[in-house]
Amino acid sequence: MDINIDSICSLFRFFSGEDSEENKNFIILAKKETERMLLPDVQEDERINFLCAAIANYRYQQAKAASDACEYTYTGKMNSNKKNNILVFAESMLRDYYQLCSDIIKPQNFVFMGFSSSDETE
């Protein structure tokens, strides 16, 4: 399956409002992450491009929020809630795309539970 990088760049620009060429690393990493989560028998599907762009946008917003945790003002610095809201929206959009693609990706939530017999001794 070949993911269309031009489509992803266009969607990333639409989602984030940022230049996709300057943020190509986020797109490349998101493409690899998306390829790993696809089921083996998935054919061409436009939803994959949207999922990949949503992942790239979320990773970009995470990095941006980490570096912009505080805004510097004339009187000093203060927390910036606006940046966190953008990250919340990016996360919400990503969850929506995971849901939309649930039939073509491997399950994302997995809880490992171990069971032991009562005969085991420590």
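Before any of the text, the structure's been laid out above.
Scope of this entry: the structure provided in the associated data block. Keep in mind that this is a model prediction, so the values were computed, not measured.

### So, the environment of F15
(1) Moving on: Relative to the helices and strands, F15 resides in helix α1 (residues 5-16).
(2) Moving on: A relative accessible area of 17% places F15 in the buried class.
(3) Moving on: F15 sits 75 residues away from A90 along the chain, and the two C-alpha atoms are 8.4 Å apart.

### Re the side chain of T34
(1) Moving on: By secondary structure assignment, the location of T34 is in helix α2 (residues 24-37).
(2) Moving on: The class of T34 is buried, set by a relative accessible area of 0%.
(3) Moving on: A distance of 2.7 Å separates a polar atom in the side chain of T34 from the backbone oxygen of A30.
(4) Moving on: Apart from residues lying up to four places away in sequence, T34 is in contact with I3, I48, L51, C52 and I55.

### A look at the packing of aromatic side chains
(1) Moving on: In the structure shown here, the tally under the stated rule is six aromatic pairs.
(2) Moving on: Seen in terms of ring centroids, F15 and F50 are 6.5 Å apart; in terms of plane orientation they differ by 50°. Their pairing is tilted. Residue F15 is found in helix α1, and its partner F50 is found in helix α3 (residues 46-67); the two are separated by 35 residues along the sequence.
(3) Moving on: Three or more aromatic residues joined by ring pairs form one cluster here, namely F14, F15, F50 and Y97.

### Re the packing of α1 against α2
(1) Moving on: Between α1 and α2, whose axes approach to 11 Å, the crossing angle comes to 125°. When the axis of α1 is compared with that of α2, the two are oblique. Judged by the sense of rotation from one axis to the other, the crossing of α1 with α2 is right-handed. Residues I5, I8, C9 and F12 of α1 lie in contact with α2, whose contacting residues are K24, I27 and K31.

Parameters and conventions
- Residues numbered from 1 in each chain as written.
- Predicted model: local features only at pLDDT ≥ 70, side-chain atom pairs only at ≥ 80, totals over all residues.
- Heavy atoms only, no water.
- Helix = DSSP H or I, 4+ residues; strand = E, 2+ residues; numbered from the N terminus.
- Buried < 20%, exposed > 50% of the residue type's maximum accessible area, 1.4 Å probe, protein only.
- Polar contact = N/O pair within 3.5 Å; in protein donor to acceptor, adjacent residues only side chain to side chain.
- Contact = heavy atoms within 4.5 Å.
- Phe/Tyr/Trp six-rings, centres within 6.5 Å; stacked < 30°, edge-to-face > 60°.
- Axes fitted to C-alpha atoms, helices over the stretch in contact; angles between N-to-C directions.
- Parallel < 35°, antiparallel > 145°, perpendicular 65-115°, else oblique.
- Left-handed = near helix turned anticlockwise from the far one by under 90°.

As far as function goes, none of this settles anything; it's purely spatial.
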